[in-house]
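What the coordinates show
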Amino acid sequence: MKKDVHPKYYPNAKIICACGHTFTTGSTQPEIHVEICSNCHPFYTGKQKLMDDRGRVERFQRMVQKKSELAAKKKAKKSS
Ligand SMILES: [Zn+2]
């Protein structure tokens, strides 16, 4: 086995999340900053954290609604 080929291992590396949550884990870096963790990720919190807050989802849903309305109108024309 060669010596010194492995980076230093920190068994108690500190993970610091943007939400303020911190926890320790084993890592090759003594301190790691993350933007999201199991404490604040919507999957774990059950809360919807919408990254898109400019209503793109709503706009898409409106577009889909318009299209189905148009299709309904076309159908009505054909039957009359
Ligand atoms: Zn977090």
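For the structure itself, look to the data block above.
In short, a report on the structure.

What counts and how
Here, residues in each chain are numbered from 1, in the same order as that chain's written sequence. Reporting in this predicted model follows two pLDDT cut-offs: at least 70 for local features of residues, and 80 or more for side-chain atom pairs to be given and counted; totals over whole chains, interfaces and linings ignore these cut-offs and use all residues. Think of the side-chain values as coming from all heavy atoms in the structure, minus any hydrogens and water. Helix and strand definitions follow DSSP, with helices as H or I runs of at least four residues and strands as E runs of at least two, each counted in order from the N terminus. The buried label applies to any residue whose accessible area, calculated with a 1.4 Å probe on protein chains only, is under 20% of its type's maximum; exposed applies above 50%, and partly exposed to all values in between. Contacts were defined at the residue level, with two residues in contact if any of their heavy atoms lie within 4.5 Å. Per-residue and other accessible areas were derived by the Shrake-Rupley procedure at a 1.4 Å probe size, with only the shown protein chains allowed to occlude residues. With water excluded from the atoms, a metal site may look incomplete; its donors are any N, O or S atoms within 2.8 Å, or within 3.2 Å for Na, K and Ca. Angular criteria define each label, namely tetrahedral for four donors with all angles between 85 and 135 degrees, square planar for four and octahedral for six donors with opposite donors over 155 degrees apart and remaining angles between 65 and 115, and irregular for whatever fails these tests. Should DSSP find at least two bridges between two strands, the strands are taken to pair. Here an axis means a line fitted to C-alpha atoms, over the contact stretch when the element is a helix, while the angle between two N-to-C directions is reported on a 0 to 180 degree scale. Within 6.5 Å between ring centres, the rings of Phe, Tyr and Trp (the latter by its six-membered ring) count as paired, and their orientation is classed by plane angle as stacked under 30 degrees, edge-to-face over 60, tilted in between. For a Lys NZ or an Arg CZ to count as sitting over a ring, it must be within 6 Å of the ring centre and within 35 degrees of the ring normal.

**A look at the overall build of the protein**
- Across its full length, the protein carries two helices and three strands.
- Helices and strands appear in the protein in the N-to-C order β-β-β-α-α.
- Per-residue burial over the protein gives 10% buried out of 80 residues.
- By sequence separation, contacts in the protein at least 24 residues apart represent 0% of the contacts at least 6 residues apart.
- Put simply, the protein shows about 7700 Å² of open surface, and 55% of that area lies on carbon and sulfur atoms.

**Quick notes on the coordination of the zinc ion**
- Here the zinc ion is held by C17 (SG), C19 (SG), C37 (SG) and C40 (SG), and the distances to it run 2.2 to 2.3 Å.
- Considering all four donor atoms around the zinc ion, the spread of angles at the metal, 103 to 118°, places the coordination shape in the tetrahedral class.
- Linear spacing of the donor residues for the zinc ion on their chain is C-x1-C-x17-C-x2-C. Taken together, the residues span a long stretch of sequence, with C19 in the loop between β1 (10–17) and β2 (22–27) and C40 in the loop between β3 (31–34) and α1 (42–45) at a distance of 21 residues.
- Judged by its relative accessible area of 40%, C19 is partly exposed.
- Residue class for C40 comes out buried when judged on its relative accessible area of 15%.

**A few points about the sheet that holds β1**
- Strand order in the open sheet made by the three strands is β2-β1-β3, with mixed pairing throughout. Edge positions in the open sheet fall to β2 and β3, since each of these has one partner strand only. When strand polarity is set aside, the average angle formed by the axes of neighbouring strands in this sheet is 35°.
- Pairing between β1 and β2: five bridges, direction antiparallel. The partner of K14 across the bridge, within β2, is T24.

**Considerations on the packing of aromatic side chains**
- By the definition in use, this model includes zero aromatic pairs.
- The ring of Y10 has K8 sitting right over it, with the charged end atom 5.1 Å from the ring centre.

**Describing the environment of I15**
- Here I15 lies in strand β1.
- The spatial distance from the C-alpha of I15 to the C-alpha of P30 is 8.6 Å, given a sequence separation of 15 residues.
- When residues no more than four places from it in sequence are discounted, the contact partners of I15 are H21, T22, F23, T25, I32 and V34.

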